[in-house]
Amino acid sequence: MEENQKNVAEAIQTEKDVTSDNMQTEQSQDTKNTQSSLFEGIYDKLPDISVRSVDRFIILCIIAFIAVILIGVLRANHVF
């Protein structure tokens, strides 16, 4: 009788441990999905535009931003 109760108690504890591990795993996966879906949503909302074109546009914006900063630094040092 006592062995059955111990076995049942161990089984319940094991089930609780598995359930809590599953919940933690699901929460971490939800967090990862939320972060990645933010960027994926941008591409999904742009109809008829390829991902490559959007990536090129982003790269051009970064290059233009760097150029503006360099021109500002050079003007501040009276090079231009």
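In case you missed it, the structure is sitting above this.
What you see as residue numbers is a count from 1 along each chain, following the sequence as written. Only residues with pLDDT of at least 70 get local features here, since the model is predicted, and only at 80 or more are side-chain atom pairs given and counted; chain-wide, interface and lining totals rely on the full set of residues. Side-chain measures were taken over the full set of non-hydrogen atoms in the model, leaving aside hydrogen atoms and water.

**Considerations on the overall build of the chain**
Logical step 1: Broken down by element type, the chain carries two helices and zero strands.
Logical step 2: Within the span of the chain, comprising 80 residues, buried residues form 2% of the whole. Helix and strand definitions follow DSSP, with helices as H or I runs of at least four residues and strands as E runs of at least two, each counted in order from the N terminus. The buried label goes to any residue with under 20% of its type's maximum accessible area, the exposed label to any with over 50%, and the partly exposed label to all in between, with areas taken from a 1.4 Å probe on protein chains only.

**Some remarks on a nonpolar patch on the surface**
Logical step 1: Like charges within 9 Å and nonpolar side chains (Val, Leu, Ile, Met, Phe, Trp, Tyr) within 5 Å are joined into patches, using only residues over 30% in relative accessible area that form no salt bridge. For accessible areas, the Shrake-Rupley method is used with a probe of radius 1.4 Å. Any residue's cover is judged against the shown protein chains and nothing else. Salt bridge, as applied in this entry: a Lys or Arg side-chain nitrogen positioned within 4 Å of an Asp or Glu carboxyl oxygen. A surface patch of nonpolar side chains, amounting to about 780 Å² of accessible area, comprises Phe-57, Ile-58, Ile-62, Phe-65, Ile-66, Ile-69, Leu-70 and Val-73.
Logical step 2: Classification of Val-73 by relative accessible area gives partly exposed; the value is 44%.

**Brief notes about unusual backbone geometry**
Glycine aside, residues mostly have negative phi angles, and peptide bonds mostly take the trans form.
Logical step 1: The phi dihedral of His-78 is positive, around 60°, even though this residue is not glycine.
Logical step 2: Tracing the sequence through the fold places His-78 in the segment after helix 2 (51-76).
Logical step 3: Residue classification places His-78 among the exposed residues on the basis of a relative accessible area of 71%.

**A word on helix 2**
Logical step 1: A helix is expected to span 1.5 Å multiplied by its residue count minus one. Here helix 2 is 26 residues long and its end C-alpha atoms lie 38 Å apart, about the 38 Å a rise of 1.5 Å per residue gives.
Logical step 2: The first or second residue beyond helix 2 is His-78, which carries a positive phi of 60°.

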